[in-house]
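So the chains spell out like this:
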2 protein chains.
Amino acid sequence: MEDYEIFDLGAFSFQRGATLRNAKLAYKTFGKLNAAKDNVIVYPTWYSGFQQDNYWLIGKGMALDPDKYFIIIPNMFGNGMSSSPSNTPEPYNAGRFPNVTIYDNVRAQHRLVTEKFGIEKIRMVVGWSMGALQAFQWGALYPDMVDIIVPFCGSAKCSRHNFVFLEGVKAALTADAVWAEGFYKERPTRGLRAVGRVYAGWGLSQAFYRQQLDSKDLGYSSMEDFLVAFWEGHFLARDANDLLAMLWTWQYGDISDNELYHGDFKKALAAIKPKAYVMPCRTDLYFPPEDSEVEVANMPNARLVPFESVWGHFAGGPGTSVEDVKFLDGKLKELLAG
Amino acid sequence: MEDYEIFDLGAFSFQRGATLRNAKLAYKTFGKLNAAKDNVIVYPTWYSGFQQDNYWLIGKGMALDPDKYFIIIPNMFGNGMSSSPSNTPEPYNAGRFPNVTIYDNVRAQHRLVTEKFGIEKIRMVVGWSMGALQAFQWGALYPDMVDIIVPFCGSAKCSRHNFVFLEGVKAALTADAVWAEGFYKERPTRGLRAVGRVYAGWGLSQAFYRQQLDSKDLGYSSMEDFLVAFWEGHFLARDANDLLAMLWTWQYGDISDNELYHGDFKKALAAIKPKAYVMPCRTDLYFPPEDSEVEVANMPNARLVPFESVWGHFAGGPGTSVEDVKFLDGKLKELLAG
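A brief look at the structure comes next. (Residues numbered from 1 in each chain as written. Chains lettered and ligands numbered in written order. Predicted model: local features only at pLDDT ≥ 70, side-chain atom pairs only at ≥ 80, totals over all residues. Heavy atoms only, no water.)

Notes on the overall build of chain A
Helices and strands together make up the secondary structure of chain A, namely eleven helices and eight strands. The C-alpha radius of gyration of chain A comes to 19 Å, within 12% of the 20 Å expected for a compact globule of 338 residues. Judged by the C-alpha coordinates and their principal axes, chain A covers about 50 × 50 × 40 Å. Relative to its full complement of 338 residues, chain A shows a buried share of 64%. Once local pairs closer than 6 in sequence are excluded, the contacts in chain A between residues at least 24 apart make up 74%. (Helix = DSSP H or I, 4+ residues; strand = E, 2+ residues; numbered from the N terminus. Rg over C-alpha atoms; globule rule 2.2 N^0.38 Å. Buried < 20%, exposed > 50% of the residue type's maximum accessible area, 1.4 Å probe, protein only. Contact = heavy atoms within 4.5 Å.)

Right, here's the structure in full:
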């Protein structure tokens, strides 16, 4: 297990009504907070990602350089490290874990940043996929606190098509009766493997597979090897209820679903004052650039900066596509220098 | 049950080695075969489709006018009407149904057309999706017999990405232990419903859902209603093994996988002498136009005629998108007049 810190949230009331009495926010930091406390980057996790699945974007000489910046990776609720179905005691355990919104996640992260570290200014919030959703949410909730947001391969609101794609993922997992409505006695491995196979078609583009990058670039010995070793392997290493908890957060993700914006999505976007590069990938099958265009058009300081890549959703992470990582890192440097 | 005819294939040996002793080809005809026997249109079925799911393209005043043409709809093996897991007696029943190729399907159809009707010339072979695959296969196997082919929203070979998408469909179905490796005692309804939900994201485009055409155009009362009433309903009305049999045929679909072309895909495409309109939909998520472009570039008499539509795979059928049906019907008329 990776080393990580825990910020104790105490009795944390979620937006949908439940309260966890000993809610935990797990996080990891890189670098040192300077005296002015103005070198902070917040870099939230993504669907099914642990904190260590974020490290690829951090390094000496990269934009996210720990010699310069104090980088905080907060783990999303439900990812198995922060409070999650798999680590919460009865009665809110397993299939009874509360529905958690993206607002809940960012509010908790805000408490970590302010209460634990006394930080008042954040230089940048950057994130992939559901991490992008959190970056948008930071921008809409705390526009005066954040200088820059870089949501890449994600959206500020789950689109209807994206919702449907996730229904397929959920249905594949819960078709396995071993899941037992969340109170399984053994892992629902058929369902977890099925999630991997369903996801495999969505995560990467038609062109990625056409060009056989699974073998030519990633080195898998066959497509079946890619499906088993990468996709099934990834989801078998996750807890089924944790996956479902994060999936709910994703499906109901909407930065305007809170007491500030009351569901007025355009108003929430318009409130994002931080400078923003919104970075979709041209071939992302569930976060298509068309949705990002709508977002950018409604944000005051945003620019659309697409990945021109065949890596689909994986243009943005997790460090798999070398060229795309370079492109992203360059854009982050550009923003941080500006 | 729809009325249909049965052509008895006798002992039919499939390409992969199995022989069904009483193989059946179910079919339906519209119109009358003229004396010259030169007014024949063959219109094969699609994945999970029954013959009646093809009727929408046939009608007085349409290109496929039964007053002019003798239209034959052969049911694909595995669709539950021709020989299929669900209607074949032991020992080749259920989970032991043989693997059937697209070559097997078209060879059987050729026997129907020649032996039953004495037809030597076919004016047109037209089909949607796996029906398109059969149209391509007709063109490659019997180029001197067929005048025109119109494969729409389909391909001559299952792409790697398409294969992966289908792995997700299969995994969702077989995650349901009730399926019991094909020897179920009751329907695996969880798995069948999951197939519907997985398919829902693939069948229609991101833009279709963005524009809410499921409710605005198709009249479903909510997206969940669309998922249950349309998608789950469609697959619950199919036999699980039948779906898996057709899925195998699709995944291993390749018009060059036979003794004529020995896997030389370009050679098989080059052999398609019939005039062809290859009609992908611009937003089809599993038959993207890029694959059709490769096909057309290798065919001697083909033209790419895409549907500029947000209906994704459903631009091509089954009659759901009124504008796209008009466009298709116009193109068929153009070809038949030429």
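Concerning the state of the cysteines
Residue and element names in this part refer to chain B. All told, the structure shown has zero disulfides over all chains when counted by the stated rule. Left unpaired, Cys-153 is separated from the closest cysteine sulfur, that of Cys-281, by 5.6 Å. Sulfur of Cys-158: no disulfide; nearest cysteine sulfur belongs to Cys-153 and is 15 Å away. (Disulfide = S-S within 2.5 Å.)

Considerations on the layout of surface pockets
Each pocket or cavity is described by its volume, and for the largest pocket that value is around 600 Å³. In terms of lining residues, the largest pocket is bounded by 24 residues, among which A:Arg282, A:Leu285, B:Gln206, B:Arg282 and B:Leu285 are the most central. Elements that contribute at least two residues to the lining of the largest pocket include exactly helix H5 (206-210) and helix H10 (289-298) of chain A together with helix H5 (206-210) and helix H10 (289-298) of chain B. For the lining of the largest pocket, a count of residues per class yields eight nonpolar, six polar and ten charged. Estimated volume of the second largest pocket: approximately 490 Å³. If you list the elements that add at least two residues to the lining of the second largest pocket, you get helix H3 (160-174) and helix H8 (240-251) of chain A together with helix H4 (189-203) of chain B. Residue contributions to the lining of the second largest pocket peak at six residues, all from H8(A). (1 Å grid on protein atoms, 1.4 Å probe; cavity = no way out; pocket = protein on both sides within 12 Å on 5 of 7 lines; lining within 4 Å. Points joined across faces, edges and corners; volume = space filled by probe spheres on them. Nonpolar A, V, L, I, M, F, W, Y, C, P; charged D, E, K, R; others polar.)

A word on the sheet that holds strand S8 (residues 302-304) of chain A
Residues and elements named next belong to chain A. Sheet architecture is open: eight strands sit in the order S1-S2-S4-S3-S5-S6-S7-S8, paired in mixed fashion. Both edges of this open sheet fall to strand S1 (5-13) and S8, since each of them pairs with a single strand only. Sheet twist, expressed as the average angle between the axes of neighbouring strands with direction ignored, equals 20 degrees. Inspection of the sheet shows strand S3 (residues 40-42) paired to strand S5 (residues 122-128) by two bridges, in the parallel sense. Among the inter-strand pairings, Val-42 is bridged to a residue of S5, identified as Val-125. The strands that helix H1 (residues 102-116) touches are S1, strand S2 (19-30), S3, strand S4 (70-74) and S5; relative to S1, the one it contacts most, it runs at about 120 degrees. (Pairing = 2+ DSSP bridges. Axes fitted to C-alpha atoms, helices over the stretch in contact; angles between N-to-C directions.)

Quick notes on H4(B)
Compared with an ideal rise of 1.5 Å per residue, which puts 15 residues at 21 Å, H4(B) spans 20 Å between its outermost C-alpha atoms and is within 8% of the ideal. Across the 15 residues of H4(B), twelve count as buried, placing the element largely inside the fold. Buried residues of H4(B): B:Gly191, B:Leu192, B:Ala194, B:Val195, B:Gly196, B:Arg197, B:Val198, B:Tyr199, B:Ala200, B:Gly201, B:Trp202 and B:Gly203, and no others. Those residues of H4(B) that are buried lie in contact with H3 and helix H4 (189-203) of chain A together with helix H3 (160-174), H5, helix H7 (223-236) and helix H8 (240-251) of chain B. (Expected span 1.5 Å × (residues − 1).)

Comments concerning the interface of chain B and chain A
The interface of chain B with chain A comprises 34 residues on the first partner and 34 residues on the second. For the chain B and chain A pair, buried surface summed over both sides reaches about 3100 Å², with 62% attributable to carbon and sulfur atoms. At the surface where chain B touches chain A, the tally comes to eight salt bridges. Its salt-bridge partner being B:Arg190, residue A:Glu181 comes within 3.0 Å of it at the nearest N-O pair. (Buried area = accessible area lost by both parts, 1.4 Å probe. Salt bridge = Lys/Arg side-chain N within 4 Å of Asp/Glu carboxyl O.)

Quick look at the relation of the copies chain B and chain A
For the pair chain B and chain A, the relating rotation is 180 degrees, the translation along its axis is 0.0 Å, and the fit reaches an RMSD of 0.0 Å. Taken together, the rotation and translation relating the two chain copies correspond to the operation of a two-fold axis. Of every C-alpha in chain B, the one belonging to B:Ala172 sits nearest the axis of rotation, 2.2 Å from it. Of the interface residues in chain B, 100% have counterparts in chain A that sit at the interface too, so the contact is made through matching surfaces. (Least-squares fit on C-alpha atoms with pLDDT ≥ 70 in both.)

Here we look at the nonpolar core
Ranked by internal contacts, the top residues of the largest apolar core, which has 247 residues, are A:Leu64 and B:Leu64. Residues within four places of B:Leu64 in sequence aside, it is in contact with B:Ile41, B:Tyr43, B:Leu57, B:Ile58, B:Gly59, B:Ile71, B:Met124, B:Val126, B:Asp329 and B:Leu332. (Core = buried A, V, L, I, M, F, W, Y, C linked by side-chain atoms within 4.5 Å.)

What to know about the packing of aromatic side chains
Residues and elements named next belong to chain B. Applying the stated criterion across every chain yields a total of 73 aromatic pairs over all chains. Note on Tyr-286 and Phe-287: the rings are 5.4 Å apart at their centroids and 55 degrees apart in plane angle, and the pair reads as tilted. Of the residues examined, Tyr-286 reaches a relative accessible area of 1% and is grouped as buried. Overall, the relative accessible area of 4% leaves Phe-287 in the buried class. Lying across the ring of Phe-30, Lys-28 places its NZ or CZ 5.6 Å from the centre. Directly above the ring of Phe-265 sits Lys-157, whose terminal nitrogen or CZ lies 5.1 Å from the centroid. (Phe/Tyr/Trp six-rings, centres within 6.5 Å; stacked < 30°, edge-to-face > 60°. Lys NZ or Arg CZ within 6 Å of the ring centre and 35° of its normal.)

Section: the pattern of salt bridges
Evaluation of the coordinates by the stated rule reveals 44 salt bridges over all chains. We note a salt bridge from B:Arg160 to A:Asp214, for which the minimum N-O separation is 2.8 Å. Taken as a pair, B:Arg160 in helix H3 and A:Asp214 in helix H6 (residues 213-216) lie in two separate chains rather than in one. The partner of B:Lys331 in a salt bridge is B:Glu334, with the nearest N and O atoms 3.4 Å apart. Highlighted residues: B:Lys331 and B:Glu334, both in helix H11 (residues 322-337), separated by three residues, approximately one helical turn. In this structure B:Glu334 comes out as partly exposed when scored by relative accessible area, which is 35%. Linked by salt bridges that have partners in common, A:Glu167, A:Lys170, B:Arg193, B:Arg197, B:Glu224 and B:Glu232 make up one network.

Things to note about the sheet that holds strand S3 (residues 40-42) of chain B
All names here are of chain B. Pairing in this open sheet of eight strands is mixed, and the strands run S1-S2-S4-S3-S5-S6-S7-S8 from one edge to the other. Each edge of the open sheet carries a strand with a single partner, namely strand S1 (5-13) and strand S8 (302-304). Strand-to-strand twist in this sheet, taken as the mean axis angle between neighbours without regard to direction, amounts to 20 degrees. This element, H10, spans strand S7 (275-278) and S8 of the sheet and lies at about 155 degrees to S8.

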